[in-house]
Amino acid sequence: MTLDRRQFLLRSGSAAAVVALFGQGCASSGLAAQGKVLGFTGVPASLHDGVTIPPEYEWQLLYPWGTPTGVAGRMPAFAADAGNSADDQALQAGMHHDGMHFFPLDGAGERGLLVMNHEYTDEQLLHVDGVKAGGWSAEKVRKSLHAMGVSVIEIRRGPEGWRQVLPSPFARRVHGRTPMRISGPAAGTPRMRTAANPAGDAVLGTFANCAMGVTPWGTYLTCEENFHGYFGGPKEAARAATPAQRRYGTVAGSQWVEYWRFDERFDLSRHPNEPHRFGWVVEIDPFDPAATPVKRTALGRKRQESATCTVAKDGRLVVYMGDDSRFEYIYKFVSRDKVHPGTDAAARAANSHLLDEGTLYVARYDADGRGSWLPLVHGRDGLDAAAGFADQADVLIHARLAGDIVGGTKMDRPEWIAVHPQSGEVYVTLTNNSQRGDAGKPGTDAANPRANNFFGGILRWREDGGDAAATGFGWNHFALAGDPAQAGSGARYPSAEADMFGAPDGLHFDRGGLLWIQTDMSGQAIGKPPYTSLGNNQMLCADPASGRIKRFLTGPNGCEITGCVVTPDRRTLFVNIQHPGEARDDGDGGHNSAWPDGTAPGQARPRSATLAIRRRDGGIVGT
Ligand code: FEO
Ligand code: CA
Ligand code: CA
Ligand code: CA
């Protein structure tokens, strides 16, 4: 037992509570008859350009970029030369699959809706002639917006394995131009009003959709992460940028794409309020393709990573969220009202305003292993007009600035958050922060203990009294990641039986309490110091009861592994391979993988896709 863990146990309650927490062995005991927890053959770290999983398992490919989503009568085939139109793309799988969930349509978990995010675009792959040589056009802007957002597809498992149901009455693409509603305290307020929507209550589209959440009533929450990169404008307009615009990165001239030249709502110099309508959690009803998605402003605006839901002891909803930038915060939202139980249409209707009223908190992690949730409420703790917050809408739209004033802890890039299904413990990946401790930047603290943090880690906490609505908690690190052989890495894993990894990002607890960890080392860094021995991005399975972590999958060159969901019967694991080939290390904008359609770079355009992974004997995944 590491000192870190022992201190956590001592600080966070009685010995009996500790046994209840770590000694449950829910994964271990419940599976004894069906297979040994983490009994699979571990996969070595590898720079192999392909998917590698344990030999006891098999994988199938589902829904690569460009695959028809399945809207009846409107299923354009993928053009391998990227010749599909913008209109075609709005009916096909988007690019860069990310957060994902499986909603069963039967009791057995063999038919359901797979709902996934499409985070961003690779414009060189998306268009026949790319944009470097070919330049931008209005059609390319539309195609790019259509390649992000969310897909809802129906899938079914038969004798041939998992197959997409084509067509399906559920099939739907939500994308960067889909009409949606804005609700909650910021809706209709001055900063949300634009020339196209003077009421400030409606917006076109969602994009930069990274991690996700699922509500108890069966809706999907998609999170708008790096929305800032899509807004731009003439460089000289940057001089007028406000501190809030700089903090959120919406500064003219620093854009990633040239949307603003062809679609004026993306021009910050002409429509400064448009970016206030992005950076939110968006609720989508996957069972009703006609339902209008809703941006829930009560949850705060940030570079939204996950929106992980759980229920407090008194029945209120709790949503945990990370803001993935260096030195940004971890948040939680506690609803005012209680969750109406059930997942049918009546329950969804009864809960349709639950995410509009409640309290947003930011987390502070103290050096003694305790922590506090600090409310972001206008009129309290300095959040007033003198500090630049006219009302609660300002507090929510500029949640980062509010977090500064109340004293949240600046974290090493919070990514996914997962709640243990039995203990209620909350785990968050802190992916890395190479600037920690740099001149002019915050130094180390107890929760972020490494300067120049290349490898990241996983931090966890337990809410006081086991109640998700509590305002205090005890915390420690589950793992500090890294290559133990790397000088100065200070690697600290939870047990001697923990495989190494770096830059953890995706995180998912299955129903048995196994923790699936996915990594996102940047494409430029993979295979190079200090990441050399960590290989390509990968997925690992951890048993928090024992501290063991075992590598389960390694991915193709240049990819990130992200998006993870285990079916309720625990016999299928869905995983996304995002941006294979992205390393671009040949210097001319080429890609270093052709996965899955080719075996060598250059043979085909690499495509993000979903894997359906099962044990060959049909057993529980993770055994
Ligand atoms: Fe899209 Fe923070 O990962
Ligand atoms: Ca992520
Ligand atoms: Ca990441
Ligand atoms: Ca990525």
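Predicted model only: the values in this text are computed from it and were never measured.

Rules used in this analysis
- Starting from 1, residues in each chain are numbered consecutively following that chain's sequence as written.
- Written order decides the labels, with chains lettered from A and ligands numbered from 1.
- Predicted model: local features are reported for residues with pLDDT of at least 70 only, side-chain atom pairs are reported and counted for 80 or more only, and whole-chain, interface and lining totals are derived from all residues.
- Water and hydrogen atoms play no part in the side-chain values, which are based on all heavy atoms of the structure.
- Helix and strand labels come from DSSP, where a helix needs a run of H or I of at least four residues and a strand needs a run of E of at least two; each type is numbered from the N terminus.
- When we talk radius of gyration, it's over C-alpha atoms, and the globule rule is simply 2.2 Å times the number of residues to the 0.38.
- Three exposure classes are used, based on accessible area relative to the maximum for each residue type with a 1.4 Å probe and protein chains only: buried under 20%, partly exposed in between, and exposed over 50%.
- By the convention used here, residues are in contact when the closest approach between their heavy atoms is within 4.5 Å.
- Throughout, the Shrake-Rupley method with a 1.4 Å probe supplies accessible areas, and for residues the shown protein chains are the sole cover considered.
- Think of it this way: Lys and Arg go in the positive column, Asp and Glu in the negative one, and His and the chain ends go nowhere.
- Throughout, a charge is located at the NZ atom of Lys, the CZ atom of Arg, the CG atom of Asp or the CD atom of Glu.
- Here the term donor refers to an N, O or S atom within 2.8 Å of the metal (or 3.2 Å for Na, K and Ca), and because water is left out of the atoms, sites may appear incomplete.
- Two strands qualify as a pair provided DSSP detects at least 2 bridges between them.
- Orientation is described by lines fitted to C-alpha atoms, with helices fitted over the stretch in contact, and by angles between N-to-C directions that extend from 0 to 180 degrees.
- Grid spacing is 1 Å over the protein atoms alone, the probe is 1.4 Å, and a cavity is where that probe fits but cannot get out, while a pocket is an open set with protein on both sides within 12 Å along at least five of seven lines and lining residues have an atom within 4 Å of a point.
- Grid points are joined across faces, edges and corners, and a volume is the space filled by probe spheres set on the points.
- When residues are grouped by polarity, Ala, Val, Leu, Ile, Met, Phe, Trp, Tyr, Cys and Pro land in nonpolar, Asp, Glu, Lys and Arg in charged, and all others, Gly among them, in polar.
- Planes of paired rings set the category: under 30 degrees apart is stacked, over 60 is edge-to-face and the rest tilted, where pairs are Phe, Tyr or Trp rings (Trp by its six-membered ring) whose centres lie within 6.5 Å.

K.L.:
Report on the overall build of the protein, specifying residues and quantitative values.
P.N.:
From N to C terminus, the protein includes 10 helices and 30 strands. Radius of gyration (C-alpha) of the protein: 23 Å, near the 25 Å computed for a compact globule of 623 residues. For the protein, the spread of C-alpha atoms along the three principal axes comes to 60 × 60 × 55 Å. Taken over 623 residues, the protein has a buried fraction of 62%. In the protein, 66% of the contacts between residues at least 6 apart in sequence involve partners at least 24 apart. Accessible surface, the protein: about 21100 Å² in total, of which carbon and sulfur atoms supply 52%. In the protein, 64 side chains carry a positive charge and 68 a negative one; their mean positions are 2 Å apart.

K.L.:
Describe the coordination of the calcium ion (ligand 3), with residues and values.
P.N.:
Distances from the calcium ion (ligand 3) to its protein donors, Glu415 (OE), Asp505 (OD) and Asp520 (OD), fall at 2.3 to 2.4 Å. Binding-site remark: the calcium ion (ligand 3) is held by donors from one chain whose sequence spacing is E-x89-D-x14-D. The distance between the calcium ion (ligand 3) and the calcium ion (ligand 2) is 3.9 Å, with Glu415 acting as a donor to both metals. Residue Asp505 is found in strand S24 (residues 504–509), and its partner Asp520 is found in the loop between strand S25 (515–519) and strand S26 (538–543); the two are separated by 15 residues along the sequence. Asp505 gets classed as buried once you look at its relative accessible area, which sits at 2%.

K.L.:
Just give me the short version of the coordination of the calcium ion (ligand 2), but keep the residues and values in it.
P.N.:
Taken together, the protein ligands of the calcium ion (ligand 2) are Glu305 (OE), Glu415 (OE), Asp505 (OD) and Asp505 (OD), with distances of 2.3 to 2.6 Å. Counting gaps between the donor residues of the calcium ion (ligand 2) yields the pattern E-x109-E-x89-D.

K.L.:
Account for helix H6 (residues 138–146), naming residues and giving values.
P.N.:
Listed as buried for H6 are Lys140, Val141, Lys143, Ser144, Leu145 and His146. The elements touched by buried residues of H6 are helix H4 (86–89), helix H5 (123–126) and strand S6 (172–174).

K.L.:
Tell me about the sheet that holds strand S30 (residues 609–615), and name the residues and values.
P.N.:
The antiparallel open sheet is built from four strands, whose spatial order is S1-S30-S29-S28. Each edge of the open sheet is held by one strand with a lone partner, namely strand S1 (57–62) and strand S28 (560–566). Each strand of the sheet is rotated relative to its neighbour by a mean of 25°, with strand direction disregarded. Bridge analysis of strand S29 (residues 573–578) against S30 gives five bridges, and the strand direction is antiparallel. Paired with Asn576 across the strands is Thr610, a residue of S30.

K.L.:
Can you tell me about the layout of surface pockets, naming the residues and giving the values?
P.N.:
When its volume is computed, the second largest pocket comes out at roughly 1000 Å³. Secondary structure elements with two or more residues in the lining of the second largest pocket: strand S2 (97–104), strand S9 (209–214), strand S13 (304–311), strand S20 (414–419), S24 and S28. Here the element with the most residues in the lining of the second largest pocket is S2; it accounts for five residues. In terms of residue class, the lining of the second largest pocket is built from 20 nonpolar, 10 polar and three charged.

K.L.:
So, the pairing of strand S27 (residues 548–554): which residues are in play, and what are the values?
P.N.:
The side chains of a regular strand alternate, first on one face of the sheet and then on the other. Of all seven residues that make up S27, six are buried, and the element is covered over most of its length. Pairing between S26 and S27: six bridges, direction antiparallel. Bridge pairing in S27 places Cys541 opposite Lys550. Linking two consecutive strands that pair antiparallel, namely S26 and S27, is a turn of four residues; a positive phi of about 80° is found at Gly547 within it.

K.L.:
Go over the pairing of S30, please, and point to the residues and values.
P.N.:
Burial of S30 is extensive: seven of the seven residues sit out of reach of the surface. Where burial is concerned, the two faces of S30 agree: the one with Ala609, Leu611, Ile613 and Arg615 and the one with Thr610, Ala612 and Arg614 are both buried. By the bridge criterion, six bridges tie S1 to S30 in an arrangement that is antiparallel. Bridge pairing in S30 places Gln60 opposite Ala612.

K.L.:
So, the packing of aromatic side chains: which residues are in play, and what are the values?
P.N.:
All told, the structure shown has 34 aromatic pairs when counted by the stated rule. Their ring planes at 45° and their centres at 6.2 Å tell us that Phe207 and Phe231 sit as a pair that is tilted. Of the two residues, Phe207 sits in the loop between strand S8 (202–204) and S9 while Phe231 sits in the loop between strand S10 (220–224) and helix H7 (243–248), which places them 24 residues apart along the sequence. Judged by relative accessible area, Phe207 falls into the buried class, the value being 0%. Since its relative accessible area comes to 1%, Phe231 is described here as buried. With centroids separated by 5.6 Å and ring planes inclined at 55°, the aromatic side chains of Phe231 and Phe278 adopt a geometry described as tilted. Within this pair, whereas Phe231 is found in the loop between S10 and H7, its partner Phe278 is found in the loop between H7 and strand S11 (281–284), the two being separated by 47 residues in sequence.

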